[in-house]
Amino acid sequence: MARMSPERLAKALEQEKTISAEDHEKIKGLANIVRPLRSFIFKTPDEYGMAYEDWVIPSADGTPLEAWYIPAKEKSDKLIIFNHALPMCRSGYPGHFGLPWAGFDAVEIDFVIQYKHLTDAGYNVLTYDIRNHGNSAAANGGLSGIGNWEWRDCVGVKQFVDNHPELSKMTVGLYSQCMGGNSQYRAIMERPELFENVKCMVSPMVVSMGAIFDAFSELQGVQQYQELIDLELMKMGAFTAAEMTPHLTAHAVKMPTLIVQVLDDAWTRNPEDAQKTFDLLGAQEKELLWIEGTTRRFKDGYNYFGRYPEKILPFIDKYMK
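Rules of the game
Going along each chain's sequence as written, the residues are numbered from 1 onward. At least 70 in pLDDT is required for a residue's local features to be given in this predicted model, at least 80 for side-chain atom pairs to be given and counted, and no such filter applies to totals for whole chains, interfaces and linings, which use all residues. Note: side-chain values were computed over all heavy atoms of the structure, leaving out hydrogens and water. Within this scheme a cavity is a closed region of a 1 Å grid, computed over the protein atoms alone, that accommodates a 1.4 Å probe without allowing it to escape, whereas a pocket is open but has protein on both sides within 12 Å along at least five of seven lines; lining residues each have an atom within 4 Å of a point. Grid points are joined across faces, edges and corners, and a volume is the space filled by probe spheres set on the points. Numbering of helices and strands runs from the N terminus; a helix is a DSSP stretch of H or I covering at least four residues, while a strand is a stretch of E covering at least two. Here the term charged refers only to Asp, Glu, Lys and Arg, the term nonpolar to Ala, Val, Leu, Ile, Met, Phe, Trp, Tyr, Cys and Pro, and the term polar to all other amino acids, Gly among them. Here, a strand pair is defined by DSSP locating no fewer than two bridges between the strands. Throughout, right-handed denotes a crossover for which the path from the first strand over the helix to the second runs clockwise when the strands point away from the viewer. Criterion for a salt bridge: a side-chain nitrogen of Lys or Arg within 4 Å of a carboxyl oxygen of Asp or Glu. Burial classes: relative accessible area under 20% of the type maximum marks a residue as buried, over 50% as exposed, and values in between as partly exposed (1.4 Å probe, protein chains only). Pairing of aromatic rings covers Phe, Tyr and the six-membered ring of Trp, with a centre-to-centre limit of 6.5 Å; geometry is then stacked below 30 degrees between planes, edge-to-face above 60, and tilted otherwise.

Trainee: Describe empty space enclosed by the protein, with residues and values.
Mentor: A complete count under the given rule lists two cavities of 30 Å³ or more for this structure. Approximately 150 Å³ is the volume found for the largest cavity. Around the largest cavity, the lining is made up of 14 residues, and of these Ile33, Leu86, Phe104, Cys178 and Ile212 lie nearest the centre. Where the lining of the largest cavity is concerned, the elements lending two or more residues are α6 (209-219) and α9 (297-302). Of the residues in the lining of the largest cavity, the class split is 13 nonpolar, no polar and one charged.

As structure tokens, then:
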């Protein structure tokens, strides 16, 4: 019972007996966040005039990951490894295509314009779909561990870079966001030697699932059932909320790091959650950029770099150039 205390389990089982059928469906729906809806590749780099190559990279456990390599506008020896959030893909998020994606949030998140900003600024980009997302292979029963399995993808991609005849000679930085950021933190903790040569990391929107579940359940009127959410997660083979947080791994992150977060995010518990992650970072050189004037995590958080590259690029340039 190490993963869920006897007291917490007893409370969850009591909640399961007394909850209404309607509210129980809400709880199951919340738990199903970790069974990600697959986003599709709705935009490719050539839409913004970038040349690119399709690559397949093996994760550390062999899961095939679909990837793009996008060379810089002019020849460069600098590489940014870029990953994404749940339930997105390397294109971004197709909420503007209607249901079922619009049911989560009816907005477009455009990562391809962000690659354009990076390649114009002199960076080669390697970006990939994490397992169970985009066109990459399924693994772990189709569930997301919010970093607890996906860290192997971060390791596999870095190993691929280190063994590549050209990429291995490049200066490397990371752009690791939300679930991808949580995964990157765990990868650094598990394989610190692999990331010792990384110059910096931009880390937008990393989040604790306990904060997500608390905020979403309050919006749905079922906030009192956090223990039952954990029980439903465990029954499907997933991790508990307390196991899905960057707070457990942030201490291992030693490279200069920029965290970017929506201050009044309606879908999580900021500033508390992000501030705690920031405070726990092992990096001596670290910055926390708050996005203000919005509550919209998807629309305004993940699109921030696309709209305001001048807010992000100077941090990368400082350590990469």
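Trainee: Would you mind going over the layout of surface pockets in detail, with residue names and values included?
Mentor: Considering only enclosed or pocket space, the largest pocket measures out at about 270 Å³ in volume. Forming the walls of the largest pocket are 14 residues, and the residues nearest its centre are Gly29, Leu30, Asn32, Ile33 and Phe104.

Trainee: Please set out the pairing of strand β10 (residues 286-291) residue by residue, giving values where relevant.
Mentor: Taken together, the six bridges between strand β9 (residues 257-262) and β10 define a ladder with parallel strand orientation. Looking at β10, one finds that Leu258 is bridged to Glu287. Regarding the hand of the β-α-β motif, the stretch spanning β9, helix α8 (residues 272-280) and β10 is right-handed.

Trainee: Describe the pattern of salt bridges, and please don't skip the residues or the numbers.
Mentor: Overall, the coordinates contain 26 salt bridges when judged by the stated rule. Across the salt bridge formed by Lys26 and Asp23, the nearest N and O atoms sit 3.7 Å from each other. Placement of the pair is Lys26 and Asp23 together in helix α2 (residues 21-31), with a separation of three residues, close to one helical turn. Overall, Lys26 belongs to the partly exposed group, its relative accessible area being 26%. Asp77 is the salt-bridge partner of Lys78, the closest N and O atoms lying 3.0 Å from each other. When its relative accessible area of 17% is taken as the criterion, Lys78 is described as buried.

Trainee: A description of the pairing of strand β8 (residues 198-204) should follow, citing residues and the corresponding values.
Mentor: Most of β8 sits inside the fold, with six of its seven residues counted as buried. Relative to β8, strand β7 (residues 171-175) runs parallel, the two sharing three bridges. When the bridges of β8 are listed, Tyr175 appears paired with Val202. Handedness of the β-α-β unit built from β7, helix α5 (residues 179-190) and β8 comes out right-handed. Two elements, β8 and β9, share four bridges in a ladder whose sense is parallel. Bridge pairing in β9 places Met201 opposite Thr257.

Trainee: Explain the packing of aromatic side chains residue by residue, including any values.
Mentor: Aromatic rings in a pair are described by how distant their centres are and how their planes are angled relative to each other. For the structure on display, the rule yields 21 aromatic pairs. Considering the side-chain rings of Phe82 and Tyr115, the 4.8 Å spacing of their centres and the 85° angle between planes classify their relative orientation as edge-to-face. Residue Phe82 is found in strand β3 (residues 78-82), and its partner Tyr115 is found in helix α3 (residues 112-120); the two are separated by 33 residues along the sequence. Take Phe82 and Tyr115: they sit in the same class, and that class is buried. Aromatic side chains Tyr175 and Phe305 sit 5.4 Å apart centroid to centroid with 25° between the ring planes, which places their arrangement in the stacked category.

Without other data, these values stay purely geometric and don't point to any function.
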